[in-house]
Amino acid sequence: MGAIELNHVTKRFDNGHEALTDVSTQFADGSMSFLTGHSGAGNSTFLKLILCADRPTRGRVLVNGVNISELSARRLPWYRRQVGVVFQDHHLLDHRSVFVNVALPLRVMGMREKEVVRRVRAALNRVELNNKEHLFPGQLSTGQKQRIGIARAVVTRPKILLADEPTGNLDPDLSRSIME
């Protein structure tokens, strides 16, 4: 899993707004690409199509030759476990600690607790927040919350990592060190 291809993808919403029109592009396995555009240009819609959180109105979204828009409800969770996502608005559970927020996808996957602890601590160390694991999101700055979102997205070691402005709330030096 890894090579991504969009073939003549259009996404039109029920209100008639067309977020994407006849988009065709591809990303090679192992590549790093940046999607840029002004607010409202369809960037988030593009990412939601790859996550399979939304379906195209027309066209095909292929991941390693598989049209993910046609995945059955049974296969969709398997696909999503292969994709890490960093959202703009963090999606953290306010009444759970930093550790629990980062551990959540591993626990959903049924991973053994010893491995959960090891991976969560490694991910928190990577985003330089290993000393914050017992805090709650309300006790963190916006930039720290973003880093927790990054740790949660990478803790499962996904084959695909999607990030919607992952470093927008971080200072430039920290952005570089995390994304390296």
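Our structure's up above, just so we're on the same page.
Cut-offs and rules
Residues numbered from 1 in each chain as written. Predicted model: local features only at pLDDT ≥ 70, side-chain atom pairs only at ≥ 80, totals over all residues. Heavy atoms only, no water. Core = buried A, V, L, I, M, F, W, Y, C linked by side-chain atoms within 4.5 Å. Buried < 20%, exposed > 50% of the residue type's maximum accessible area, 1.4 Å probe, protein only. Helix = DSSP H or I, 4+ residues; strand = E, 2+ residues; numbered from the N terminus. Contact = heavy atoms within 4.5 Å. Polar contact = N/O pair within 3.5 Å; in protein donor to acceptor, adjacent residues only side chain to side chain. Pairing = 2+ DSSP bridges. Expected span 1.5 Å × (residues − 1). Arc of directions from axis to C-beta.

### Quick look at the nonpolar core
In this structure, L6, I50, I68, Y79, V83, I160 and L162 are the most contacted members of the largest nonpolar core, which totals 20 residues. Among the elements of the structure, β1 (4-12), α1 (43-51), β3 (58-63), α2 (76-80), β5 (83-86) and β6 (160-163) are those that each provide at least two residues to this core. Per-element tally for this core: the top contributor is α1, with five residues. I50 has contacts with I4, L6, V61, I68, Y79 and L162, leaving out every residue within four places of it along the chain. The next biggest cluster of nonpolar side chains, apart from the first, holds 19 residues, and it includes F99, A123, L129 and V155.

### Considering the side chain of S97
If you trace the backbone, S97 turns up in the loop between β5 and α3 (98-108). Polar contacts involving the side chain of S97 include one to the main-chain amide nitrogen of V100, which spans 3.1 Å. Not counting residues within four places of it along the chain, the set of residues in contact with S97 comprises E133, H134, L135 and F136.

### Regarding the pairing of strand β2 (residues 18-27)
Two elements, β1 and β2, share six bridges in a ladder whose sense is antiparallel. Residue V9 lies in a different strand from β2, and its bridge partner there is V23. Linking two consecutive strands that pair antiparallel, namely β1 and β2, is a turn of five residues; a positive phi of about 95 degrees is found at G16 within it.

### Examining helix α4 (residues 113-126)
Taking 1.5 Å per residue, 14 residues should reach 20 Å; α4 reaches 20 Å between its end C-alpha atoms and fits that length. For α4, the complete set of buried residues consists of V116, R119, V120, A123 and L124. On an axial view of α4, the arc spanned by its buried residues comes to 130 degrees, and they lie on one face. On its buried face, α4 is in contact with α3 and α5 (142-154). Two residues or fewer past α4, E128 is found with a positive phi of approximately 60 degrees.

### Quick word on the pairing of β5
Here β5 shows a buried face lined by V83 and V85 and a second buried face lined by G84 and V86. Relative to β6, β5 runs parallel, the two sharing four bridges. The partner of V83 across the bridge, within β6, is I160.

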